[in-house]
Amino acid sequence: AVVVALRRGHPLAGDARVNLGDLADEPLLIFRRNLEPTLHDSYIRLCTDAGITPRVLHGANPLHLIIGLVAAGLGFTLLPASVRK
């Protein structure tokens, strides 16, 4: 399972379900492909399956850097649902 991480105060933050199509105009922050190719490709595929071409703002690692960029309001990210715990 995958979750969408959004900045605090984002209009969709707190929604139980987020349609990726609603994020089509927002930058995607994602793991760099050379470090996480399977995860990267699966997240890009989720976006394209939802009918959007993700505008990748920044490929980053490690996870806490991506979350920090999201918290700063630079875009959204997709993460394994296990991060909620």
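Just so it is clear, the model here is predicted, and its values are computed rather than measured.

Undergrad: Summarise the overall build of the chain; cite the residues concerned and give the values.
TA: Counting its secondary structure elements, the chain contains two helices and four strands. Order of helices (α) and strands (β) in the chain, N terminus to C terminus: β-β-α-β-α-β. Over its C-alpha atoms the chain spans a radius of gyration of 12 Å, differing by no more than 12% from the 12 Å that the globule rule assigns to 85 residues. Over its C-alpha atoms, taken along the principal directions, the chain stretches across nearly 30 × 25 × 25 Å.

Undergrad: Let's hear about helix 1 (residues 37-49): which residues, and what values?
TA: Here helix 1 spans 18 Å end to end across 13 residues, near enough to the 18 Å set by a 1.5 Å rise per residue. His-40, Tyr-43 and Cys-47 are the residues of helix 1 that are buried. Down the axis of helix 1, the sector holding all buried residues measures 70°, keeping them to one side. Turned more than 90 degrees off the buried face of helix 1, the exposed positions are Thr-38 and Asp-49. At its buried positions, helix 1 is contacted by strand 1 (2-5), strand 2 (27-31) and strand 4 (77-80).

Undergrad: Now, about the environment of Leu-79: what can you tell me, with residues and values included?
TA: Relative to the assigned elements, Leu-79 resides in strand 4. For Leu-79, a relative accessible area of 2% puts it in the buried group. When the C-alpha positions of Leu-79 and Thr-48 are compared, they lie 16 Å apart, and in sequence the two are 31 residues distant.

Undergrad: Could you give an account of the nonpolar core, with specific residues and numbers?
TA: One finds Leu-20, Leu-23, Leu-28, Cys-47, Phe-76 and Leu-78 to be the most contacted residues of the largest nonpolar core, which totals 21 residues. Among the elements of the structure, strand 1, strand 2, helix 1, helix 2 (63-71) and strand 4 are those that each provide at least two residues to this core. For this core, the element with the highest residue contribution is strand 2, accounting for four residues. Setting aside its immediate chain neighbours within four residues, Phe-76 contacts Val-4, Ala-5, Leu-6, Leu-20, Leu-23, Glu-26, Pro-27, Leu-28, Leu-29 and Val-70.

Undergrad: Which residues make up the confidence of the model for the chain, and what values go with them?
TA: Taken over all residues, the pLDDT of the chain has a mean of 89, while the share at 70 or more is 96%. For the chain, the element scoring lowest by mean pLDDT is strand 3 (residues 55-60), at 74; strand 1 scores highest, at 94.

Undergrad: Quick one: what's the story with the pattern of salt bridges, residue by residue and with numbers?
TA: In the structure shown here, the tally under the stated rule is one salt bridge. A salt bridge links Asp-41 to Arg-33, with the nearest nitrogen and oxygen atoms 2.7 Å apart.

Undergrad: So what's going on with helix 2? Residues and values would help.
TA: Those residues of helix 2 not exposed but buried are Ile-66, Leu-69 and Val-70. Buried residues in helix 2, looked at end-on, bunch into an arc of 100°, giving them a common side. For helix 2, the exposed residues lying more than 90 degrees away from the buried face are His-64 and Ala-71. Looking at the residues trailing helix 2, positive phi occurs at Gly-73, about 85°.

Rules and cut-offs
Residues numbered from 1 in each chain as written. Predicted model: local features only at pLDDT ≥ 70, side-chain atom pairs only at ≥ 80, totals over all residues. Heavy atoms only, no water. Helix = DSSP H or I, 4+ residues; strand = E, 2+ residues; numbered from the N terminus. Rg over C-alpha atoms; globule rule 2.2 N^0.38 Å. Expected span 1.5 Å × (residues − 1). Buried < 20%, exposed > 50% of the residue type's maximum accessible area, 1.4 Å probe, protein only. Arc of directions from axis to C-beta. Contact = heavy atoms within 4.5 Å. Core = buried A, V, L, I, M, F, W, Y, C linked by side-chain atoms within 4.5 Å. pLDDT = per-residue confidence, 0-100. Salt bridge = Lys/Arg side-chain N within 4 Å of Asp/Glu carboxyl O.

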